[in-house]
Amino acid sequence: MNSRTTALVIALVGVLLAGAALTGVALLTAERAMAGQARVSERDLRLAAFMPSEANPDPSTAIPGVVRQSYDPGLHVAAPQRVAYDHSPPFGGRHDQVWAACNGVVYPDGVRTEHLVHSLEHGAVWIAYDPDRVTGAERAKLAERVEGKPYLVMSPYPGLDQPISLQSWGHQLKLASADDERIDQFVTALLLNPATFPEPGAPCDPGPGGFDQDAPPPFDPTPPGPDAQPPI
């Protein structure tokens, strides 16, 4: 490392260690920098501003287009009960008592929404996309961000009003392109950010006898009926 790169690494690690929690990209970048095993990229440096800290617990406030709403946690339904959500895709509120597997899973087909909302309560970020508009290389760019990465999940969401929609608990960002830099900003700011989701330490692996990752309950595109529960 030259002196400039060393100084940047030291400064970045200082920023990371000053935070209340090391999450997602923040943790990875800190580990790389401290081990000296890889150069800290310009991308990492740009994302440092979106890493949570005690002084800035929700950096998503600096990301244009993010919608925020408060939801009470722990409100459950049991399948096949549906929830009449106030947003599409939803990003909080009442949800199924069983969460969807969300440790880097890229689902090929739509998944029952109530399960995915429970995953958000555990700190996951859900990337939803319109399968009619996001295909081929665009879909592959999204899948690369998710596949095999803890607390990230991706699924098609037929009828989505924008090509791409990102969800964490109480936060949503809709986008037109998989190249939008706000995708990485959103994930950095909100993935496992303990200031923004209600159940730190909750798992993303499916529980025994619960959610079947290989045969998940399917997405239901029909409007919820009169017996649907309210989201809050």
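Calculation notes
- Residues numbered from 1 in each chain as written.
- Predicted model: local features only at pLDDT ≥ 70, side-chain atom pairs only at ≥ 80, totals over all residues.
- Heavy atoms only, no water.
- Helix = DSSP H or I, 4+ residues; strand = E, 2+ residues; numbered from the N terminus.
- Areas by Shrake-Rupley, 256 points an atom, 1.4 Å probe, with all protein chains shown as cover.
- pLDDT = per-residue confidence, 0-100.
- Contact = heavy atoms within 4.5 Å.
- Salt bridge = Lys/Arg side-chain N within 4 Å of Asp/Glu carboxyl O.
- Buried < 20%, exposed > 50% of the residue type's maximum accessible area, 1.4 Å probe, protein only.
- Phe/Tyr/Trp six-rings, centres within 6.5 Å; stacked < 30°, edge-to-face > 60°.
- Core = buried A, V, L, I, M, F, W, Y, C linked by side-chain atoms within 4.5 Å.
- Disulfide = S-S within 2.5 Å.
- Pairing = 2+ DSSP bridges.
- Axes fitted to C-alpha atoms, helices over the stretch in contact; angles between N-to-C directions.
- 1 Å grid on protein atoms, 1.4 Å probe; cavity = no way out; pocket = protein on both sides within 12 Å on 5 of 7 lines; lining within 4 Å.
- Points joined across faces, edges and corners; volume = space filled by probe spheres on them.
- Lys, Arg positive; Asp, Glu negative; His and termini not counted.
- Polar contact = N/O pair within 3.5 Å; in protein donor to acceptor, adjacent residues only side chain to side chain.

**What about the overall build of the protein chain?**
- In terms of helices and strands, the protein chain carries 6 helices and 8 strands.
- Sequence-ordered secondary structure for the protein chain, helices as α and strands as β, is α-α-α-β-β-β-β-α-β-α-β-β-β-α.
- Accessible surface computed for the protein chain: about 10,600 Å², of which carbon and sulfur atoms make up 54%.

**Topic: the confidence of the model for the protein chain**
- When pLDDT is averaged along the protein chain, the result is 88; 83% of the residues meet or exceed 70.
- A low-confidence stretch, residues 5-22 (pLDDT under 50), is modelled with 30 contacts involving residues beyond four sequence positions or located in other chains.

**Some points on the pattern of salt bridges**
- Scanning the model with the defined rule gives 11 salt bridges in all.
- Ionic pairing is found between Asp130 and Arg133, a salt bridge with its closest N-O pair at 2.8 Å.
- Judged by relative accessible area, Arg133 falls into the partly exposed class, the value being 43%.
- Across the pair Glu138 and Lys141 runs a salt bridge whose closest N-O atoms are separated by 3.6 Å. Here the residue Glu138 and the residue Lys141 both occupy positions in helix H5 (residues 136-146), the gap between them amounting to 3 residues, near one helical turn.
- Bridged by salt links that share partners, the residues Arg43, Asp44, Arg145 and Asp184 form one connected network.

**Brief notes about the packing of aromatic side chains**
- Applying the stated criterion across every chain, the model contains 5 aromatic pairs.
- Measuring from ring centre to ring centre gives 6.0 Å for Trp126 and Tyr157, while their planes differ by 65°; the resulting arrangement is edge-to-face. Here Trp126 is found in strand S5 (residues 125-129), whereas its partner Tyr157 is found in the loop between strand S6 (152-156) and strand S7 (164-168), with 31 residues between them in sequence.
- The buried category is assigned to Tyr157, whose relative accessible area is 7%.
- Here the aromatic residues Tyr71, Phe91 and Trp169 are joined through ring pairs into a cluster of three or more.

**Topic: the nonpolar core**
- Judged by nonpolar contacts, the single largest core of 50 residues is most densely connected at Tyr107, Leu142, Met154, Ile164, Leu166 and Phe186.
- Within the residue set of this core, elements represented by two or more residues are strand S4 (103-106), helix H4 (113-121), S5, H5, S6, S7, strand S8 (171-175) and helix H6 (182-190).
- Ignoring anything within four residues of it in the chain, the contact list for Tyr107 reads Ala100, Ala101, Tyr129, Arg139, Val153, Met154, Ser155, Pro156, Phe211, Gln213 and Pro216.

**Notes on the state of the cysteines**
- Summed over the entire model, instances satisfying the criterion amount to 1 disulfide.
- In this model, Cys102 is linked to Cys204 through a disulfide, with the two sulfur atoms separated by 1.7 Å. Negative torsions about the S-S bond denote left-handed disulfides, and the value of about -100° found for Cys102 with Cys204 makes this one left-handed. Of this pair, Cys102 sits in the loop between strand S3 (95-96) and S4 while Cys204 is found in the segment after H6, placing the two residues 102 residues apart along the sequence.

**A word on the sheet that holds S6**
- Strand order in the open sheet formed by 6 strands is S1-S8-S7-S5-S6-S4, and the pairing between neighbours is mixed. Either end of the sheet is taken by a strand with one partner, and the two such strands are strand S1 (67-68) and S4.
- In this structure, S5 lies alongside S7, joined through 4 bridges in antiparallel fashion. Residue pairing in the sheet places Trp126 in a bridge with Gln167 of S7.
- Across the face of the sheet, H4 comes into contact with S5, S6 and S7 while running at roughly 145° to S5.

**Topic: the layout of surface pockets**
- There is about 330 Å³ of room inside the second largest pocket.
- Lining the second largest pocket we find 21 residues, and of these Arg82, Thr113, Asp220, Thr222 and Pro224 sit closest to its centre.

**Notes on the side chain of Glu121**
- Relative to the assigned elements, Glu121 resides in helix H4.
- Although Glu121 lies buried, it forms no salt bridge, and the closest oppositely charged side chain, Arg94, sits 11 Å away as judged by the N-O distance.
- In this structure the side chain of Glu121 is engaged in a polar contact, spanning 2.7 Å, whose partner is the backbone nitrogen of Gly74.
- Each residue touching Glu121, except ones within four places of it in the same chain, is listed here: Pro73, Gly74, His76, His95, Trp169, Phe197, Pro198 and Glu199.

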